[in-house]
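The lines below spell out each chain.
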Amino acid sequence: MRIILLGAPGAGKGTQAQFIMEKYGIPQLSTGDMLRAASAAGTELGLQVKSIIDSGQLVSDDLVIALVKERIKQEDCKNGFLLDGFPRTIVQADAIKAQGIKIDLVLEFDVPDELIVERVTGRRIHKASNRVYHIKYNPPKVADVDDLTGEPLIQREDDTESKVIERLSIYHNDTSPLKAYYQAEEQAGTTRYVKIDGTKPVIEVSQDLAKILG
Ligand code: AP5
């Protein structure tokens, strides 16, 4: 099964990706995580990527498309994958289509902008595992500490209020057109498109997903 998670920053894509991965045994391909890993390598390209991510802007289509194409070739993607944060532009969607990669299901996480800022600014992450917490909605057992390892949680540099507002604006301009793009694919019978109410509590969103995925 090849799935795309579509939705604004903080809509809950990464949180539910963990659930889907564990339940269905397909890998999560998060372009945000791939780019953060590349930037952590400290190469010249990595440093350029870091400054773009930290500013909340999008990295170039060419770079992200190349990363995804390489990742999809790997053995663990042979039975399917979960694209999280990709595609984010029509150019990116066209690029995977041109490769003959058929998408079975597009899941749109619908969350109004008013909720997004609180979600993103309250997010905390365990860097080594990418486990995601929220100080109010999904708090760790001990404040600022990962439940499984006891290691400290971090806040992403792009998770400040001003950067979330910028990222939301980019989402509405560059990524939202993908809704009509994949709805048209559904009309043509080439994919399935399902909109999810992402405002529900995490467990209820997972239950809705379980019903959709069967
Ligand atoms: P990326 O890492 O993809 O970030 P994003 O899309 O901005 O998405 P987020 O990770 O912020 O949100 P999410 O939907 O996963 O939310 P989460 O589950 O964590 O991209 C980062 C950057 O990389 C981009 O800005 C860009 O620069 C670059 N980039 C990446 N892909 C690119 C591409 N394809 N092209 C170009 N550039 C690219 O949830 C958020 C918080 O809410 C958490 O604290 C969570 O605990 C909480 N929460 C989740 N669900 C619920 C719920 N149901 N109820 C209450 N709280 C909830």
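Please read these numbers as outputs of a predicted model, since none were measured by experiment.

Spatially, β2-β3-β1-β4-β7 is the arrangement adopted by the five strands of the open sheet, whose pairing is parallel. A strand with exactly one partner marks an edge of an open sheet, and here the two such strands are β2 (28-30) and β7 (192-197). Averaged over all pairs of adjacent strands, the angle between strand axes in this sheet comes to 20°, irrespective of strand direction. In terms of strand pairing, strand β1 (residues 2-7) meets strand β4 (residues 105-110) through five bridges, oriented parallel. Counted as the bridge partner of Leu-5 is Leu-107 from β4.

Bringing the packing of aromatic side chains into the picture now. Across all of its chains, the model carries one aromatic pair by this definition. A centroid spacing of 4.9 Å and a plane angle of 70° characterise the contact between Tyr-181 and Tyr-182, whose relative ring orientation is edge-to-face. As far as the burial class goes, Tyr-181 and Tyr-182 line up, both buried.

In this structure's numbering, the residues bearing the UniProt feature "binding site: ATP" (unreviewed entry) are Gly-10, Ala-11, Gly-12, Lys-13, Gly-14, Thr-15, Arg-123, Val-132, Tyr-133 and Lys-200. Looking only at the residues we just named, the second largest pocket is lined by Thr-15, Val-132 and Tyr-133. Along the chain, the position of Gly-12 falls in the loop between β1 and α1 (13-24). Overall, the relative accessible area of 18% leaves Gly-12 in the buried class. When residues no more than four places from it in sequence are discounted, the contact partners of Gly-12 are Phe-109 and Arg-119. Structurally, Arg-123 can be placed in strand β5 (residues 123-126). Not counting the four nearest positions on each side in its chain, Arg-123 is found in contact with Val-132, Tyr-133, His-134, Ile-154, Gln-155, Arg-156, Asp-159 and Arg-167.

It is worth spelling out the layout of surface pockets at this point. Of the volumes computed, that of the second largest pocket is approximately 330 Å³. Around the second largest pocket, the lining residues are Thr-15, Gln-18, Phe-19, Glu-22, Ser-129, Arg-131, Val-132, Tyr-133, Asn-138, Asp-147, Leu-148 and Val-202. At the level of elements, α1 and β6 (131-134) are the ones that each hand at least two residues to the lining of the second largest pocket. With four residues, α1 is the largest single contributor of residues to the lining of the second largest pocket. A class-by-class count of the residues in the lining of the second largest pocket yields five nonpolar, four polar and three charged.

Conventions used here
Residues numbered from 1 in each chain as written. Predicted model: local features only at pLDDT ≥ 70, side-chain atom pairs only at ≥ 80, totals over all residues. Heavy atoms only, no water. Pairing = 2+ DSSP bridges. Helix = DSSP H or I, 4+ residues; strand = E, 2+ residues; numbered from the N terminus. Axes fitted to C-alpha atoms, helices over the stretch in contact; angles between N-to-C directions. Phe/Tyr/Trp six-rings, centres within 6.5 Å; stacked < 30°, edge-to-face > 60°. Buried < 20%, exposed > 50% of the residue type's maximum accessible area, 1.4 Å probe, protein only. UniProt positions renumbered as here; feature names shortened; annotations may be inferred. 1 Å grid on protein atoms, 1.4 Å probe; cavity = no way out; pocket = protein on both sides within 12 Å on 5 of 7 lines; lining within 4 Å. Contact = heavy atoms within 4.5 Å. Points joined across faces, edges and corners; volume = space filled by probe spheres on them. Nonpolar A, V, L, I, M, F, W, Y, C, P; charged D, E, K, R; others polar.

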